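Tertiary structure, described
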Amino acid sequence: MLIETRRFGRMEVDQERVITFPEGLLGFRDFRQYFLHESSPGAALIWMQSVEMPALAFVVIDPRLITADYEVKVSAGLLEELELPDISSAQVWVILTIPEDATKMTANLQGPLVINPDAHLGAQVVLNEDGITTKYPVLEGLRAMGRASKA
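The following paragraphs examine the structure supplied in this document.

Another point: the layout of surface pockets. When its volume is computed, the largest pocket comes out at roughly 200 Å³. Lining the largest pocket, in full, are Pro63, Arg64, Tyr70, Glu71, Val72, Ile87, Ser88, Ala90, Gln91 and Val92. Its residues assigned to classes, the lining of the largest pocket comprises six nonpolar, two polar and two charged. The computed volume of the second largest pocket comes to approximately 170 Å³. Among the elements of the structure, α1 (76–81) and β10 (121–124) are those that each provide at least two residues to the lining of the second largest pocket.

What follows covers the side chain of His120. Turning to its location among the elements, His120 is positioned in the loop between β9 (113–116) and β10. Side-chain polar atoms of His120 contact the backbone oxygen of Pro117, separated by 3.4 Å. When near neighbours in sequence (up to four residues on either side) are disregarded, His120 contacts Glu16, Val18, Ile19 and Thr20.

About the cut-offs
Residues numbered from 1 in each chain as written. Predicted model: local features only at pLDDT ≥ 70, side-chain atom pairs only at ≥ 80, totals over all residues. Heavy atoms only, no water. 1 Å grid on protein atoms, 1.4 Å probe; cavity = no way out; pocket = protein on both sides within 12 Å on 5 of 7 lines; lining within 4 Å. Points joined across faces, edges and corners; volume = space filled by probe spheres on them. Nonpolar A, V, L, I, M, F, W, Y, C, P; charged D, E, K, R; others polar. Helix = DSSP H or I, 4+ residues; strand = E, 2+ residues; numbered from the N terminus. Polar contact = N/O pair within 3.5 Å; in protein donor to acceptor, adjacent residues only side chain to side chain. Contact = heavy atoms within 4.5 Å.

Spelled out as structure tokens, the structure:
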């Protein structure tokens, strides 16, 4: 399928790469289909581009690259909705906020994206645990994990 994007122009995207978020994302409930796009092979930062709105895209990262002890707990009902046998079968991403000074970028660890790559289904969950923040410092996390040069 041909998808128009603001950042990358027109892109040919295989339907198998499209992920449907039945409930949308927080603040973006009307936009439910996205695909993941690596701007360069092996990059830590990935674009999650809306299929329905060319200007809507998020930069995401695997939270395990920036914090070793991050854990996502989801209900059995959500696992069922996403057709996942357990959370270890999911891809988990967190959305980044990148200000003008990119060294101050942060990750929203409180609202991770849980994706079943086989069923092409996803959901954004809200974690209400102490110590989990919406503004986790990404570069500090990358440095702590020994990955600062790969972002």
